[in-house]
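# Structural overview
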Amino acid sequence: MLAPSYQKLKDLLSATIDPKRILTNPLQTLAYGTDASFYRLIPKIVILAHTESEVIEIIKQAKSLDIALTFRAAGTSLSGQAITDSVLVVATHGWKSFELLDSNTKIKLEPGIIGAKANNYLAPHGLKIGPDPASIGAAMIGGIVANNASGMCCGTAQNSYQTIADIRIVLNDGTILDTANEESVNAFTKNKIVLIQEIENLRDTIKSNETLYHLIKNKFKIKNTTGYSINALVDYQDPIEIIKHLMVGSEGTLAFISNVTFKTVIDEKHKSCSLLIFNTIQDACNATILLKSAPVAAVELLDRESIRSVENDDDAPDYFKTLPESACALLVECRDNDLDNMLIKQLKVRSEIESIPTFSEYEFTSNPKQYYFNWKARKGLLPTVGGLRKNGTSVIIEDVAFPLPQLADACLALKDLFKKYEYHDAVLFGHALEGNLHFVFSQDFSNQTEVDRYEKLMSELAVLVVDRFNGSLKAEHGTGRNMAPFVEKEWGTAAYEIMKRIKTIFDPHNKINPDVLINPDPKAHLKNLKPLPESNTIIDKCMECGFCEPHCVSEGLTLSPRQRIVIAREISRLESTKDNPQRLADIRKDVTYQLDETCATDGLCALACPVHIDTGKFVKEWRASELDSNDKKVAAYIGSHMAGTTAILRIGLKIISVFHTILGTTIMTALSNAAHFITFGKLPKWIPEMPKGAHKINLNQKH
């Protein structure tokens, strides 16, 4: 039962929003409340908002009842940015509009558009959006902007912060600011005088503090998404420009993003890459420094453990297995719209790093098979580790950044840290050209000893990154709940106070995605950890990343593959622990239709799944397990008497067709509905589209 204030919110919103899109039952709130992170909070209400006017109404009514809101697009964020135990507003379906502007130099996108889809719109023009996160096939524009996602080729020059042209936002009181609309800007400036003054005061405070000013300037010379994008306060003078850029990387804590306009970038026609193997990680990092000024589109680092994790791939070269333990690879990409220019770029790469010996000869390739394998080896590292982890453990992926001259020492220090805390499956890789490293490892959160181990790792990591190397604790994945306790550690008190003031300016009562990014609890990263109980061998490796969702035909009707797995896991947990029989019963009540009956079992989800999980196959097993002995006997009888069964059905359909002809559609529909009601749903409803019985096929007929 909902608390009175939440019930009142639901009642109020039901007057303007289809009640079917205001979800409160335990199954749906859990399913929609789950994101790709290793944290779990279950919202009391999930609202599937379809329009900006609905969002404004939700914001106003929630504000009147002092209820917190969290906004969500695809839910692919990894650090707990998009979860809540209050009200979750999901902006996916209904947020698909886009518009090409100014001779295709800009594209306006609504938050529910998948990043790869945006690129599909631009591909005929040889263009793309700047951000290119590895999750671009599932991540949506709202999240890409809210987390300042970057990626392998965009670096810091083409991320959301640098390529945003305009934004339309809804503030905590329902006020709209559309930076592309002069009237909207003028009205906002006139009606939000205090807010504008606060922004100007912050800007002037920083610019009058030389130490703080240079701290901000220096920290954003490398990738940095720890805390708010306070570089906006030094990069821009106009408060509207500052607000626009503050929204990038704000993780939904300041306002709702209705749409965003990106400046488009060129998608070069010719691409080639090479996997360069170096004898040591120091050599690879030194080569990266030299490549910083070379004409390269990407330089990705893969440590020895990363290479080992893909050496059994069918397309992997044999020498992968014989590389020395000290080896390290760089995946270098060259692109150009002119083929000759691309070849010149390859030669420049060779000349830049000729002073550093490689383990073996290397060649650039545009051969689709080799090119695909090289990038698969890099992009597949997260799923590779995820697929190898022990059941019941979570996959942790963190990303940090270091000044490029210190990248080699930082790599070795991180490896020592993993060794110290016995994270033997940790792999290190990332966007070397930006000093941006990812590390992936599995973590058990099922007992306090393991949680303590994780706490020690994170505490020491913060010291290593911040104090020893002056790096960034988050480079492109967003702060989230996992790094919120360390924001002040990285930035110091003065900058952290600026960030707290930013939050207060836009959200004075802390009701917009609270406890994310700014969180005073030093243990926040150790709370609300997601349980991942074993459920079924087909789905136990699921990382709940959400990559499957765009490929599911029932997503939006009922559940996506990820959500089906979430529900199956919760049922397994409740059945095992027996700690909440009523919750188990409530979820069980809805599970047949939501999980089973509406799954097409077509296996399309497995094509997109990083660990190739076929949720359809799991649902078939689920379906079989739910059958009682009588059902199985009937199924077995039908299976062994298909000719007789189809004959009966053929006759039945013909008889129904005759009745339809005699009675007409209206009477037939009424009788069907009555029969369905009287039999408590045992008899299915008749619909006019129901086919007639076909003629029996004469197998002996000669053509």
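Cut-off values and rules
- Residues numbered from 1 in each chain as written.
- Predicted model: local features only at pLDDT ≥ 70, side-chain atom pairs only at ≥ 80, totals over all residues.
- Heavy atoms only, no water.
- Helix = DSSP H or I, 4+ residues; strand = E, 2+ residues; numbered from the N terminus.
- Rg over C-alpha atoms; globule rule 2.2 N^0.38 Å.
- Buried < 20%, exposed > 50% of the residue type's maximum accessible area, 1.4 Å probe, protein only.
- Contact = heavy atoms within 4.5 Å.
- Lys, Arg positive; Asp, Glu negative; His and termini not counted.
- Charge placed at Lys NZ, Arg CZ, Asp CG, Glu CD.
- Phe/Tyr/Trp six-rings, centres within 6.5 Å; stacked < 30°, edge-to-face > 60°.
- Polar contact = N/O pair within 3.5 Å; in protein donor to acceptor, adjacent residues only side chain to side chain.
- Core = buried A, V, L, I, M, F, W, Y, C linked by side-chain atoms within 4.5 Å.
- Pairing = 2+ DSSP bridges.
- Salt bridge = Lys/Arg side-chain N within 4 Å of Asp/Glu carboxyl O.
- Axes fitted to C-alpha atoms, helices over the stretch in contact; angles between N-to-C directions.
- Expected span 1.5 Å × (residues − 1).
- Bend = angle between axes of the 7 residues up to and from the residue.
- Parallel < 35°, antiparallel > 145°, perpendicular 65-115°, else oblique.
- Left-handed = near helix turned anticlockwise from the far one by under 90°.
- Nonpolar A, V, L, I, M, F, W, Y, C, P; charged D, E, K, R; others polar.
- Patch = residues over 30% accessible without salt bridge, like charges linked within 9 Å, V, L, I, M, F, W, Y side chains within 5 Å.
- Areas by Shrake-Rupley, 256 points an atom, 1.4 Å probe, with all protein chains shown as cover.

## Section: the overall build of the protein
Along the protein, the regular secondary structure elements total 26 helices and 17 strands. Computed over C-alpha atoms, the radius of gyration of the protein comes to 28 Å, within 12% of the 27 Å expected from 2.2 N^0.38 for 703 residues, which places it in the range of a compact globule. Each principal axis of the C-alpha distribution contributes one length, and for the protein these read about 85 × 65 × 60 Å. Per-residue burial over the protein gives 55% buried out of 703 residues. Of the contacts formed within the protein by residues at least 6 apart in sequence, a portion of 73% connects residues at least 24 apart. Each charge class in the protein was averaged separately, 78 positive and 84 negative side chains, and the resulting centres sit 5 Å apart.

## Structural notes on the packing of aromatic side chains
Taken as a whole, this structure holds 18 aromatic pairs when the rule is applied. Each ring, one from Phe 38 and one from Phe 445, has its centre 5.6 Å from the other, and the planes form 20 degrees; the classification is stacked. Linking Phe 38 in the loop between helix H2 (26-33) and strand S2 (45-48) with Phe 445 in the loop between strand S17 (436-443) and helix H18 (448-468), this pair joins segments that are 407 residues apart in sequence. Just as Phe 38 is buried, Phe 445 falls in that class too. With 6.2 Å between their ring centres and 10 degrees between their planes, Phe 439 and Phe 441 make a pair best called stacked. Under the relative-accessibility criterion, Phe 439 is labelled buried at 1%. The exposure class of Phe 441 is buried, given its relative accessible area of 0%. An aromatic cluster is defined as three or more aromatic residues linked by ring pairs; in this entry it consists of Phe 38, Tyr 39, Phe 445 and Tyr 454.

## Quick word on unusual backbone geometry
The residue Asn 513 is not glycine, and still its phi comes out positive at about 45 degrees. Take Asn 513: it is sitting in the loop between helix H20 (487-506) and helix H21 (561-577). Taking the relative accessible area as the measure of exposure, Asn 513 reaches 1% and is therefore buried. In this model, Glu 544 sits at a positive phi of 60 degrees, which is unusual for a non-glycine residue. The class of Glu 544 is buried, set by a relative accessible area of 4%.

## A few points about the environment of Lys 589
Within the secondary structure layout, Lys 589 lies in helix H22 (residues 581-597). As a C-alpha pair, Lys 589 and Leu 27 span 562 residues in sequence and 8.9 Å in three-dimensional space.

## Re the side chain of Lys 223
Tracing the chain through its elements places Lys 223 in the loop between helix H9 (210-219) and helix H10 (232-235). Taking relative accessible area as the criterion, Lys 223 reaches 3% and is therefore assigned buried. A polar contact is formed between the side chain of Lys 223 and the side chain of Ser 150, at a distance of 3.1 Å. In this structure, Lys 223 is in contact with Ser 150, Gly 151, Gly 155, Thr 156, Ala 401, His 431, Glu 434, Asn 436, Ser 472, Lys 474, Ala 475 and Glu 476, ignoring residues within four places of it in sequence.

## Structural notes on the nonpolar core
In a soluble, globular protein the nonpolar side chains are often hidden away together inside. Leu 291, Leu 330, Phe 402 and Leu 414 are the most contacted members of the largest nonpolar core, which has 62 residues in total. Considering each element in turn, this core owes the most residues, nine residues, to H18. Among residues more than four places away in sequence, those in contact with Leu 291 are Val 296, Val 299, Leu 330, Val 332, Val 349, Ile 353 and Leu 433. Ranked by size, the runner-up nonpolar core spans 57 residues in total, among them Ile 129, Tyr 228, Val 260 and Val 487.

## Looking at the pairing of strand S10 (residues 256-263)
Of all eight residues in S10, seven are buried, a share of seventy percent or more. Relative to S10, strand S6 (residues 106-109) is paired through four bridges, and the arrangement is antiparallel. By the bridge assignment, Lys 106 is partnered in S10 with Lys 263. Note that strand S8 (residues 164-170) and S10 share six bridges and pair antiparallel. The partner of Ile 169 across the bridge, within S10, is Ile 257.

## So, the pattern of salt bridges
For the structure shown, the criterion picks out 42 salt bridges. Of the charged contacts, one joins Lys 244 and Asp 166 as a salt bridge, the two residues approaching to 3.9 Å between their closest N and O atoms. In this pair, Lys 244 sits in helix H11 (residues 239-247) while Asp 166 sits in strand S8, placing the two residues 78 residues apart along the sequence. When sorted by exposure, Lys 244 lands in the same class as Asp 166, which is buried.

## With respect to the sheet that holds strand S9 (residues 176-178)
An order of S5-S6-S10-S8-S9 is seen for the five strands of this open sheet, with the pairing classed as antiparallel. Only two strands of the sheet have a single partner each, and these edge strands are strand S5 (98-101) and S9. Going from strand to strand, the sheet's axes swing by 15 degrees on average, the running direction of each strand aside. Relative to S6, S5 is paired through four bridges, and the arrangement is antiparallel.

## Brief notes about H20
Across its 20 residues, H20 extends only 19 Å between first and last C-alpha, which sits more than 12% below the 28 Å expected from 1.5 Å per residue. The axis of H20 is deflected most strongly, by about 105 degrees, at Thr 493. Along H20, the residues classified as buried are Val 487, Glu 490, Trp 491, Ala 495, Tyr 496, Ile 498, Met 499, Ile 502, Lys 503, Ile 505 and Phe 506. Looking at the packing, one finds that the buried side of H20 touches helix H8 (193-207), H9, H10, H11, H18 and helix H19 (480-483).

## Topic: the packing of H21 against helix H24 (residues 615-626)
Interhelical geometry of H21 versus H24 gives an angle of 40 degrees and a closest axis separation of 10 Å. Judged on the interaxial angle alone, H24 and H21 are oblique. Crossing hand, H21 versus H24: left-handed. Counted together, Pro 561, Arg 564, Ile 565, Ala 568 and Ile 571 of H21 and Thr 615, Phe 618, Val 619 and Trp 622 of H24 form the full contact between these two elements. Here the residues of the contact of H21 with H24 are counted per class, giving seven nonpolar, one polar and one charged.

## Observations regarding a nonpolar patch on the surface
On the surface, a nonpolar cluster with roughly 380 Å² of combined accessible area is contributed by Val 634, Tyr 637, Ile 638 and Met 642. At three residues, the largest contribution of residues to the nonpolar patch is made by helix H25 (residues 629-640). Here Val 634 lies in helix H25. Overall, the relative accessible area of 48% leaves Val 634 in the partly exposed class.

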